[in-house]
Amino acid sequence: MADPLVALACGLSAAFLFLLLFGLSVYLLWRKRRTQALYRGLIPATPTIPRCTTPVLQTSQSSSYGSGDVPFFVPPRFKRAPQPNEEKEEREYAEEWDLHPDLNTQRGSVTVGSWFPLGSIRPDLYQLPEEPSEWALPDGSAVRLWFALRYQQEREQLVVSLLRAANLPVQCQGNGTLVKLQLLPSDDRRQRQAKARRKGCHPQFNDTFVFQVSNGCIDQCSLKMSMYTVDHQKKHHLVGQVMIPLRHSELKETAGKVQWRDLDNESDQPLSKNGDIQVSLNYNQSLHRLTMVVLRARGLQCCSDSGVCAQVSLKIHTQVVRNKWTTVVKGNNPSFNERLTFRLLPMQLDAACLTLQLQQPSTEEPVLLGIVVIGPFMYARGRELEHWNDMVSKPQELVRQWHPLGSADTVQELQ
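Residues numbered from 1 in each chain as written. Predicted model: local features only at pLDDT ≥ 70, side-chain atom pairs only at ≥ 80, totals over all residues. Heavy atoms only, no water.

Under an unreviewed UniProt entry, the name given to the protein chain is Synaptotagmin XV, and the source organism is Cyprinus carpio. In the Sequence similarities (unreviewed entry) part of its UniProt record, the protein chain is described as follows: "Belongs to the synaptotagmin family." (UniProt positions renumbered as here; feature names shortened; annotations may be inferred.)

Right, here's the structure in full:
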């Protein structure tokens, strides 16, 4: 008796589940068809395209859109009547456009209702203000030259960009200006020449020159730049010149940066009895490095043709810490262009000095041609003391100056 009841209960349960699933399926199908009917009611069978525009996509009337297709057409443009103020602005703009027809001839640009064409660059938005320290005019009658250096190690090329000069003498206003550039020492003896783009006391050059120099020789080279004025008879008159020693490490630090140097005029200072020596000084406090660049000498009283060398000594108090020598150069006006570096702590600046001696090599003892001591008040006075103070106050510059050579007795009396 129990078996028929169990079979009846299972049959009723199965029939109930079947009816439930069938009803659920019918409901879902009805809901889906209702949703599709609502969607088709939103999209007309034939799209209405306004008469004032041209359709981007045209279809025939017999075509119909499915549930996944959406028509695309350009929306209509509504034109309203212009106001009196707008008509006045349009007339003013048309008059200004007639006064400036060149605005419509911009190459590679599309002009719109504005003063500047689309796609062009406005330089006034990108010009950086000139820094007073970088473009400041020199004091006195010194002639200043701005330039930039970059050494391309892969191509072994030195790129020199000559920018401009300032503070030329008044008599040079009506003359042309040119700068001759030469790399020394070099097998290429040709001089590159840059002509100023306009006359006056502040000429501009904006020229670039390339010198081929190998990586192994760049540290031994110097760049010489000489400025001349050209009169009406095509004669060149020297205004001044500057010698820049090249070092690979410094070229890497100052690559592409604008630099300036004051040109040296040999007629500014009279020659001393024993001759003069020109040197540059720099002290890097972070690296504890004191640098002297021995540039050149003039008016030396040489006893023979054996050549001249410079001995530079770093002295702290009364003790000589280090001695360094330049190479031997022949002539009464030798050019050395050699850089000598010494290690010096900041606390030792007031107790240290540099002694430079010009000597002629000899079989017995070197012949002393002259001596100069550059240092603080403890060791030097006058021009030598001023040069040392300028070096301390200008850590970012190589301070260059001429110094008269004295005899050994005169320097010992001062010390």
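Trainee: Tell me about the pattern of salt bridges, residues and numbers included.
Mentor: Here the structure, examined in full by the defined rule, presents four salt bridges. E250 is the partner of R339 in a salt bridge, and the nearest nitrogen-oxygen pair spans 2.8 Å. Highlighted residues: R339 in strand β13 (residues 335-343) and E250 in helix α4 (residues 248-253), separated in sequence by 89 residues. Exposure remark for E250: the relative accessible area of 27% places this residue in the partly exposed category. (Salt bridge = Lys/Arg side-chain N within 4 Å of Asp/Glu carboxyl O. Helix = DSSP H or I, 4+ residues; strand = E, 2+ residues; numbered from the N terminus. Buried < 20%, exposed > 50% of the residue type's maximum accessible area, 1.4 Å probe, protein only.)

Trainee: How would you sum up the side chain of S280? Please name residues and give values.
Mentor: In this fold, S280 is placed in strand β9 (residues 276-284). If sequence neighbours within four positions are ignored, S280 has contacts with T291, M292, V293, L295, L398, V399 and R400. (Contact = heavy atoms within 4.5 Å.)

Trainee: Give a detailed account of unusual backbone geometry, specifying residues and quantitative values.
Mentor: Positioned with a positive phi, E156 is a non-glycine residue whose angle comes to about 55°. Position of E156 relative to the elements: it lies in the loop between β1 (144-152) and β2 (157-166). Residue classification places E156 among the partly exposed positions, given a relative accessible area of 29%.

Trainee: Please give an account of the sheet that holds β1 that cites residues and values.
Mentor: Read from one edge to the other, the open sheet built from four strands follows the order β5-β2-β1-β8, with strand pairing classed as antiparallel. Pairing within the sheet leaves two strands with one partner each, and these edge strands are β5 (204-212) and β8 (258-262). Strand after strand, the sheet turns through a mean of 25° between neighbouring axes, direction not considered. (Pairing = 2+ DSSP bridges. Axes fitted to C-alpha atoms, helices over the stretch in contact; angles between N-to-C directions.)

Trainee: I'd like a rundown of the sheet that holds strand β12 (residues 319-325), residues and numbers included.
Mentor: Spatially, the four strands line up as an open sheet ordered β12-β11-β14-β15, and their pairing is antiparallel. Where the open sheet ends on each side, the last strands, each with one partner, are β12 and β15 (367-374). Each neighbouring strand pair of the sheet contributes to a mean axis angle of 20°, computed without reference to strand direction. Bridge count between strand β11 (residues 309-316) and β12: six bridges; the pairing is antiparallel. Residue Q311 lies in a different strand from β12, and its bridge partner there is W325. Sheet strands in contact with helix α5 (residues 382-393) are β14 (352-360) and β15, and its direction is about 55° off that of β15.

Trainee: Which residues make up the pairing of strand β6 (residues 222-230), and what values do they have?
Mentor: The element β6 is extensively covered by neighbouring structure, given that eight of its nine residues are classed as buried. In the sheet, strand β3 (residues 176-184) pairs with β6 via nine bridges, with the strands oriented antiparallel. Residue pairing across strands places T177 opposite T229, the latter belonging to β6. As defined by bridge partners, β6 adjoins strand β7 (residues 236-245) across nine bridges and the pair is classed as antiparallel.

Trainee: So, the confidence of the model for the protein chain: which residues are in play, and what are the values?
Mentor: When pLDDT is averaged across the protein chain, the result is 76; 70% of the residues are at 70 or more. Across residues 52-68, where pLDDT falls below 50, the model places 22 contacts with residues more than four positions away in sequence or in other chains. Low confidence marks residues 99-133, where pLDDT is under 50. Its contacts with residues over four positions away, or in another chain, come to 21 contacts. (pLDDT = per-residue confidence, 0-100.)

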